[in-house]
Every structure is written in structure tokens, then in C-alpha cells.
Amino acid sequence: LQYLSVSRNNLHDIELSIIVKLLEDFSHDLKHLNISHNKVNLKTSLNIQSLISKPNCKIKSINLSHNYMGDENFTKISVGISKNTSITKIWLCNNN
């Protein structure tokens, strides 16, 4: 699995956090993740942080636009980004 898009599915924190947590088993192959146009909350942000912090994570791009995310979400995700060496593109537009 190299590309996963769950964009525009009106997914909430419960569904998104489960999906992102399950992706940890595929993070060595996954290159592009699109979670845009959903409703990311704190639990999903923490799972994204965990996913992209893994040493074997090879994700190059992640789209988190249009997710109603606030400062606390960005703070959690930025911790993961600071540990990641593969991400070259991240979309965060049109959040709170």
C-alpha cells in the first residue's frame, strides 16, 4: 500500500484514529496519505504523530487540509514532523 486516500468521507475522530493506528503496520511502504475534508481531533492527531515518528515511516506527503484542526492538533502533529525525515509535502490549509 503506497497511497491511501480517505478524503471527503466525513470521518470523525473515532474512525480516523483507528485507520491511522492501523497504518503503523504499513508505514514502511506508505508514501502518500490523504485525510483531507474530514474531522480530525486530538486522538487522530496523536496517532498521526505516532505514525510519522516511527523510524521506518516513509510517508512523503500528507494532506490534512479542511479538517477543522486547531493549534493543539498542529502542536501534536509537529512533534511527529520534527522526528520524520521523509515528509516533503504537507497540506494544512483551511483548518481553524
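None of the values given here were measured: they were computed from a predicted structure.

What counts and how
Position labels on residues start from 1 in each chain and follow its written sequence. Side-chain atom pairs in this predicted model are given and counted only at pLDDT of 80 or more, local residue features only at pLDDT of at least 70, and totals for whole chains, interfaces and linings cover all residues. Hydrogens and water are ignored here; the side-chain numbers use all heavy atoms of the structure. Salt bridge, as applied in this entry: a Lys or Arg side-chain nitrogen positioned within 4 Å of an Asp or Glu carboxyl oxygen. To sort residues, take the accessible area from a 1.4 Å probe on protein chains only and compare it with the maximum for the residue type: under 20% means buried, over 50% means exposed, and anything in between is partly exposed. Secondary structure counts use DSSP, requiring at least four H or I residues in a row for a helix and at least two E residues in a row for a strand, with both numbered from the N terminus. For this analysis, residues touch if any pair of their heavy atoms sits within 4.5 Å. One number per residue, pLDDT, summarises how confident the predictor is, and it ranges from 0 to 100. Fitted lines through C-alpha atoms give the axes, limited to the stretch in contact for helices. The angle between two N-to-C directions lies from 0 to 180 degrees. In this scheme, roughly parallel covers angles under 35 degrees and roughly antiparallel covers those over 145, while 65 to 115 is roughly perpendicular and the rest are oblique. Here the nonpolar group is Ala, Val, Leu, Ile, Met, Phe, Trp, Tyr, Cys and Pro; Asp, Glu, Lys and Arg are the charged ones; every other residue, Gly included, is treated as polar. For a helix, the expected span equals 1.5 Å multiplied by the number of residues minus one. A 3.5 Å cut-off defines polar contacts: any pair of N or O atoms within that distance qualifies, except that in protein one atom must be a possible hydrogen donor and the other a possible acceptor, and neighbouring residues in sequence count only when both atoms are side-chain atoms. Strand pairing is assigned whenever DSSP detects at least two bridges linking the two strands.

(A) Seen up close, the pattern of salt bridges. Counted under the stated rule, the structure contains two salt bridges. Salt-bridge contacts for Glu24 lead to Lys21; the nearest nitrogen and oxygen are separated by 3.6 Å. The class for Lys21 is partly exposed, based on a relative accessible area of 45%. Its relative accessible area of 15% is what places Glu24 among the buried residues.

(B) Structural view of the environment of Asn95. Structurally, Asn95 is set in the segment after β4 (89–91). By relative accessible area, Asn95 is classed as buried at 17%. Spatially, the C-alpha atoms of Asn95 and Tyr68 are 4.6 Å apart, while their sequence positions differ by 27 residues. In contact with Asn95, other than residues within four places in its own chain, are Leu64, Ser65, His66, Asn67, Tyr68, Met69 and Phe74.

(C) Structural view of the confidence of the model for the protein chain. Averaged over all residues, the pLDDT of the protein chain is 94; the fraction at 70 or higher stands at 100%. Per-element averaging of pLDDT across the protein chain places helix α1 (residues 13–22) at the bottom with 94 and strand β3 (residues 61–63) at the top with 98.

(D) Inspection of the packing of α1 against helix α2 (residues 42–53) at higher detail. With their axes 8 Å apart at the nearest point, α1 and α2 run at an angle of 10° to one another. Between α1 and α2, the interaxial angle falls into the category roughly parallel. Each of Asp13, Leu16, Ser17, Val20 and Lys21 in α1 lies in contact with α2, whose residues at this interface are Leu42, Lys43, Thr44, Asn47, Ile48 and Leu51. Residues of the contact of α1 with α2, tallied by class, amount to five nonpolar, three polar and three charged.

(E) Structural detail: α2. Spanning twelve residues, α2 covers 16 Å between terminal C-alpha atoms, matching the ideal 16 Å at 1.5 Å per step. Check the buried side of α2 and you find it contacts α1, β2 (32–34), β3 and α3 (71–83).

(F) The environment of Asn96, seen in detail. Here Asn96 is to be found in the segment after β4. Its relative accessible area of 67% is what places Asn96 among the exposed residues. If sequence neighbours within four positions are ignored, Asn96 has contacts with Tyr68, Met69 and Gly70. At a separation of 3.2 Å, a polar atom in the side chain of Asn96 contacts the main-chain carbonyl oxygen of Tyr68.

(G) Local environment of the sheet that holds β3. Ordered in space as β1-β2-β3-β4, the four strands form an open sheet in which the pairing is parallel. Of all strands in the sheet, those with a lone pairing partner are β1 (3–5) and β4, marking the two edges. Mean inter-strand twist for the sheet, computed between neighbouring axes without regard to direction, equals 0°. Inspection of the sheet shows β2 paired to β3 by three bridges, in the parallel sense.

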